[in-house]
Amino acid sequence: MCPKCRGYLGVDNKVIFCIKTKGWEGGLLMLTPELGDYTSLHHPSFSFKENDDFDFYCPICGYDLSVDGEKRLAKVILKEDNDKEYYVIFSKIKGEQCTYKVANQKVEGKFGKDADKHINVLNLSAFK
Ligand SMILES: [Zn+2]
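Bear in mind that the values here come from a model prediction, so they are computed numbers and not experimental data. (Residues numbered from 1 in each chain as written. Predicted model: local features only at pLDDT ≥ 70, side-chain atom pairs only at ≥ 80, totals over all residues. Heavy atoms only, no water.)

Draft legend 1. A look at the nonpolar core. Among the nonpolar cores identified, the biggest contains 15 residues, and Leu 9, Phe 17, Phe 56, Leu 65, Val 76 and Phe 90 are the most heavily contacted of them. Looking at this core, the elements that each hand over two or more residues are strand S2 (14–21), strand S3 (24–31), strand S7 (70–79) and strand S8 (85–91). The element contributing the most residues to this core is S2, with 3 residues. Once you skip the residues sitting within four places of it in the chain, Phe 90 turns out to touch Phe 17, Leu 31, Phe 56, Arg 72, Leu 73, Ala 74, Lys 75, Val 76, Cys 98 and Thr 99. (Core = buried A, V, L, I, M, F, W, Y, C linked by side-chain atoms within 4.5 Å. Buried < 20%, exposed > 50% of the residue type's maximum accessible area, 1.4 Å probe, protein only. Helix = DSSP H or I, 4+ residues; strand = E, 2+ residues; numbered from the N terminus. Contact = heavy atoms within 4.5 Å.)

Draft legend 2. Up close: the side chain of Ser 91. In this structure, Ser 91 sits in strand S8. Classification of Ser 91 as buried rests on a relative accessible area of 8%. From its side chain, Ser 91 meets the backbone nitrogen of Ile 93 in a polar contact 3.1 Å long. When near neighbours in sequence (up to four residues on either side) are disregarded, Ser 91 contacts Arg 72, Leu 73, Glu 96 and Cys 98. (Polar contact = N/O pair within 3.5 Å; in protein donor to acceptor, adjacent residues only side chain to side chain.)

Draft legend 3. Spotlight on the coordination of the zinc ion. Coordination sphere of the zinc ion, protein contribution only: Cys 2 (SG), Cys 5 (SG), Cys 58 (SG) and Cys 61 (SG), at 2.3 Å. For the zinc ion, the 4 donor atoms in the first shell make angles of 103 to 113° at the metal, a pattern classed as tetrahedral. Each donor residue of the zinc ion belongs to the same chain, and together they define the spacing C-x2-C-x52-C-x2-C. The partly exposed category is assigned to Cys 61, whose relative accessible area is 38%. (Donors = N, O, S within 2.8 Å, 3.2 Å for Na, K, Ca; no water. Tetrahedral: all angles 85-135°; square planar, octahedral: opposite > 155°, others 65-115°.)

Shown next, in the form of structure tokens:
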């Protein structure tokens, strides 16, 4: 879910984002909700290069999903079947595999080959 409007970003077991980067007007990107799975789907006309840095926006309300003070990371809310909510924090850089599952200011899980990269700069006090 979007942390701002709490709209559901998931459709048919994919999560949909609006993304933009410098020199490109933007488009829609679909990611897998499975943490640690970095499969993505997008229009075939998009060509991304490794290390391209994207902004992620909520496709419903347009909210910038950037983590405050850490522009290389984005955040969404994951609501599990038992209604427990977590923040899922992930890298906005193409090719960087780094995802954190955070609740009550604690990292409850980290995923991806680059998971240790941002762990020390993540300000957990923002994720209650
Ligand atoms: Zn929203």
